[in-house]
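Structural description and commentary
This is what each chain is made of:
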Amino acid sequence: HDPTAPPIDPVFVDALKTYFGHSKFRPMQWKIVSSVLKDRRDNCVIMATGYGKSLCYQFPSVFTGGTTLVVSPLISLMEDQVLSLQVANISACFLGSAQSEMREVKQKLLAGEYRVVYLTPEISAHELMIEKGRALGIPLDQRLCPLGCNLIENEFHFLLQCPKFGEIRTRITLVAIDEAHCVSQWGHDFRSAYRTLGSLRNILPSVPFMALTATATPEVQSDIIRSLALKNPLVTCTSFDRPNLYLEVRMKSGNIQHDLMPFLKETKQFHYEFDGPTIIYCPTKKATSNVGAVLKSMGVKAEIYHAGLSLQQRNNAHHKFVRDEIQCIVATVAFGMGIDKPDVRKIIHYGAPRDIESYYQEIGRAGRDGLPSECYAIFAPADFQTNRFFLNDITNSNFREHKARMMTKMKQYLNIIECRRRALLLHFESKKSSLTGSDLCCDVCRKKWRKQNGNRGGVFDDDKCSERDFSKELDLLLQAVSITGQRFGLAVPIYFLRGSTNQKLYERHRKHKDFGSGKHHSEKWWKAFGHMAIMDDMLKEIPVQQGYGSTVEISAKGRNWFSAPTAYKLTPNQELLNCEK
Ligand code: ADP
């Protein structure tokens, strides 16, 4: 139990058992619930997926017999929640159901029969427009909202326009803003209607507000508190560790079937399946089609999902996946929020994940039931060219730079030969002490464990894995970058090192005394080493404006080293070790 939480009166635990069927609150749940019930305090709840956020906002009104208004971005999610509350005999509704049901919903609402009322942010945004219109004396039928819908038909409008609203108002125990990261342009699911929610406060000044999200980044957290105008909120943040997720990184071979085969088992001749529900994330729509086609040709029940498909096609794929009619969704990042499937056993990124924040969010969809699940990232260094291209879509320059840094962190993550779980967590949590790590939590730890337990050799051979002096190689690479004019990516300097006949090299390059001086290593090896030098700030990657790819220059650090070379000790990364296998 959380030692900082107030003591629990048994009546609360009894209610928890009666209504929710749980024998105790999870650490932090009680602290949050009691701050609402006893202190009527605002809350900002940042909880890892699967921890139990819903209970935090459902319990207070169920216990008091009041009503919690829940603003949530996805209708399908709300419908599921309403259904599961109803199954537990807790009266709940979604404002915005089919019109035919609305009359009854409204009557029950006025009678105070609902403990939990769900609505979309757009509905409450409409309401704010009505309030404004009323203040300005605009006739009702002319108060059209910016989203173009007729306010008169709006349900929330009805709620607050009703003469009995004063009465309802006193019955509202809590306003919960679920998926609150949607308020932030720094989040992954920005939704403009969320921006207006702060003003809900004016309508309900004395009701506690609770913002909830699973997004860990500090920028998003402060944005939430500011935009929703939370007053002295109790901020609760669980650990972001997901010990039931195993993490592994592999390199692409260039052949989809070959790369995915290890995750499939043969059911009958030429028919394959995954050993549990699986999401495969691809960087582009085209890649989803390619991977989807390969899987279907192998008899795997799979559907693709991306923003280019119709809403109906997407819903169809989603529903089939949730109902286990298909085993695998091959999707772009568009398949995200609202995937309420607790038993996703595998998340495979086929192609480098975009950035470390998105990656954490995407693998968070695995193993929400707490059972062991696996996350694989299968990549080729060239994938980052595609990913860099997406950065151009971000208009806010601060945010774009932030995402570029997060992309670099992703590259580091893919290439490290330390515990991946620790590396991922250190990005979100600075306190190292909370990380225990296990021998088998990621591919790196597993290999180390195997080695310690007698299985010597492989890439974790001591000699190969430890720090080496790369001064000769760095010298050659920096020279090659300099000779070829610092105008290209890594490819051209590497052609030079390898003595290639590629047309991008000029005659004077070919006649240079150092032409071909790096022939003793493969092209792949030099690329891997180039990536290490970029990570180590010896080389600087400069994105080409509005374009694909980037050029490579010698950094200030690189120039210093070049003018007085000393030993250059580095631990080889995974990509380089793979080239040496
Ligand atoms: P989140 O929204 O944080 O991802 P949910 O609210 O969907 O998580 O809850 C995840 C699971 O945890 C649900 O199956 C829920 O029933 C369960 N759960 C929540 N609170 C408790 C508790 N106190 N004891 C046992 N199970 C709980």
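Below or above, wherever it landed, is the structure these notes cover. All figures in this text were calculated on a predicted structure; none of them were measured in a lab. (Residues numbered from 1 in each chain as written. Predicted model: local features only at pLDDT ≥ 70, side-chain atom pairs only at ≥ 80, totals over all residues.)

A few words on the overall build of the chain. A tally of helices and strands in the chain yields 25 helices and 19 strands. Per-residue burial for the chain yields a buried fraction of 39% across its 581 residues. For the chain, long-range pairs separated by at least 24 residues make up 71% of all intrachain contacts whose partners lie at least 6 apart in sequence. (Helix = DSSP H or I, 4+ residues; strand = E, 2+ residues; numbered from the N terminus. Buried ≥ 20, exposed ≤ 12 C-beta atoms within 10 Å, placed from the backbone. Contact = placed C-beta atoms within 7 Å.)

Here we take up the packing of helix α20 (residues 471–483) against helix α21 (residues 491–498). One can describe the packing of α20 onto α21 by two numbers: an axis separation of 9 Å at closest approach and a directional angle of 115 degrees. By the criterion of interaxial angle, the relationship of α20 to α21 is roughly perpendicular. Considering the relative orientation of α20 and α21, their crossing is right-handed. Along the contact surface, α20 presents L476, L477, A480, V481 and I483, while α21 presents P493, F496 and L497. In terms of residue class, the contact of α20 with α21 is built from 8 nonpolar, no polar and no charged. (Axes fitted to C-alpha atoms, helices over the stretch in contact; angles between N-to-C directions. Parallel < 35°, antiparallel > 145°, perpendicular 65-115°, else oblique. Left-handed = near helix turned anticlockwise from the far one by under 90°. Nonpolar A, V, L, I, M, F, W, Y, C, P; charged D, E, K, R; others polar.)

This part takes up the site of the ligand. Neighbouring the ligand are H22, F25, R26, Q29, M47, T49, G50, Y51, G52, K53, S54 and L55. Looking at the shell around the ligand element by element, the count peaks at 3 residues for helix α3 (residues 53–64). Taken together, the residues that form the shell around the ligand break down as 4 nonpolar, 6 polar and 2 charged. (Near = placed C-beta within 6 Å.)

Before going further, it helps to examine the environment of V105. Within the secondary structure layout, V105 lies in helix α5 (residues 99–110). You can call V105 buried: it has 20 C-beta atoms within 10 Å. Taking the C-alpha atoms as reference points, V105 and G50, 55 residues apart in sequence, are found 30 Å from one another.

Here helix α15 (residues 383–391) crosses helix α16 (residues 397–415) at 165 degrees, and the two axes come no closer than 10 Å. As far as their axial angle goes, α16 and α15 are roughly antiparallel. In terms of crossing hand, the pair formed by α15 and α16 is right-handed. Where α15 approaches α16, its residues F384, N387 and L391 are matched on the opposing element by R400, K403, A404, M407 and K411.

Another point: the sheet that holds strand β2 (residues 67–71). With respect to topology, 7 strands assemble into an open sheet ordered β3-β4-β2-β5-β6-β1-β7, the strand pairing being parallel. In this open sheet, the two strands that pair with only one neighbour each are β3 (92–94) and β7 (234–237). Averaged over all pairs of adjacent strands, the angle between their axes in this sheet comes to 15 degrees, without regard to strand direction. Note that β2 and strand β5 (residues 172–177) share 5 bridges and pair parallel. Across the sheet, T68 pairs through a bridge with L174, a residue of β5. Along the sheet, α3 contacts β1 (43–46), β2, β4 (116–119), β5 and β6 (209–213); its crossing angle with β5, the most-contacted strand, is approximately 170 degrees. (Pairing = 2+ DSSP bridges.)

We now examine α3. Of all the 12 residues making up α3, 9 are buried; the element is thus mostly covered by neighbouring parts of the structure. Remark: G65 follows α3 within two positions and exhibits a positive phi of approximately 80 degrees.

Note on soluble globular proteins: their nonpolar side chains tend to be buried together. Ranked by size, the top nonpolar core spans 55 residues in total, and within it V117, I177, M210 and A211 carry the most contacts. Setting aside chain neighbours within four positions, we find A211 in contact with C44, V45, I177, A180, I224, L228 and L230. Counting 53 residues, the second-largest nonpolar core is a separate cluster that includes Y246, I348, L414 and L424. (Core = buried A, V, L, I, M, F, W, Y, C linked by C-beta atoms within 7 Å.)

Before going further, it helps to spend a moment on the environment of L477. Turning to its location among the elements, L477 is positioned in helix α20. Since 27 C-beta atoms lie within 10 Å of it, L477 is described here as buried. Counting along the chain gives 56 residues from L477 to A533, while the straight-line C-alpha distance between them is 9.1 Å. When sequence neighbours within four positions are dropped, the list of residues in contact with L477 reads P493, F529, G530 and A533.

Turning next to unusual backbone geometry. For N232, which is not glycine, the phi torsion reads 40 degrees and is therefore positive. If you trace the backbone, N232 turns up in the loop between α10 (218–227) and β7. Residue N232 is classed as exposed on the basis of its C-beta count, with 8 C-beta atoms lying within 10 Å.

With that out of the way, let us pick up the pairing of β4. Judged by which residues are buried, β4 turns out to be covered on both faces: V116 and Y118 on one side and V117 and L119 on the other are all buried. With 4 bridges connecting them, β2 and β4 associate as parallel partners. Bridge pairing in β4 places V71 opposite L119. Judged from the 3 bridges that link them, β3 and β4 form a sheet pairing that is parallel. Residue A92 lies in a different strand from β4, and its bridge partner there is V116.

Below, the discussion takes up the sheet that holds strand β13 (residues 328–331). A sheet is described by the order of its strands in space; here 6 strands give the open sequence β8-β15-β14-β11-β13-β12, paired in parallel fashion. On the outer flanks of this sheet lie β8 (245–251) and β12 (302–305), each paired with one strand and no other. The average angle at which neighbouring strand axes cross in this sheet is 15 degrees, direction not considered. Pairing of strand β11 (residues 278–281) with strand β14 (residues 346–350) involves 4 bridges; the strand directions are parallel. Each bridged residue has a counterpart across the sheet, and for Y281 the counterpart in β14 is H349.

On to α20. Here α20 contains 13 residues, and its C-alpha end-to-end distance of 18 Å stays within 8% of the 18 Å for a straight helix at 1.5 Å per residue. Where α20 is concerned, the buried positions are E473, L474, L476, L477, L478, A480 and V481. Residues of α20 that are buried sit in contact with α21, α23 (523–535), β17 (539–543), β18 (550–554) and α24 (556–563). Immediately downstream of α20, the backbone of G485 shows phi near 95 degrees, a positive value. (Expected span 1.5 Å × (residues − 1).)

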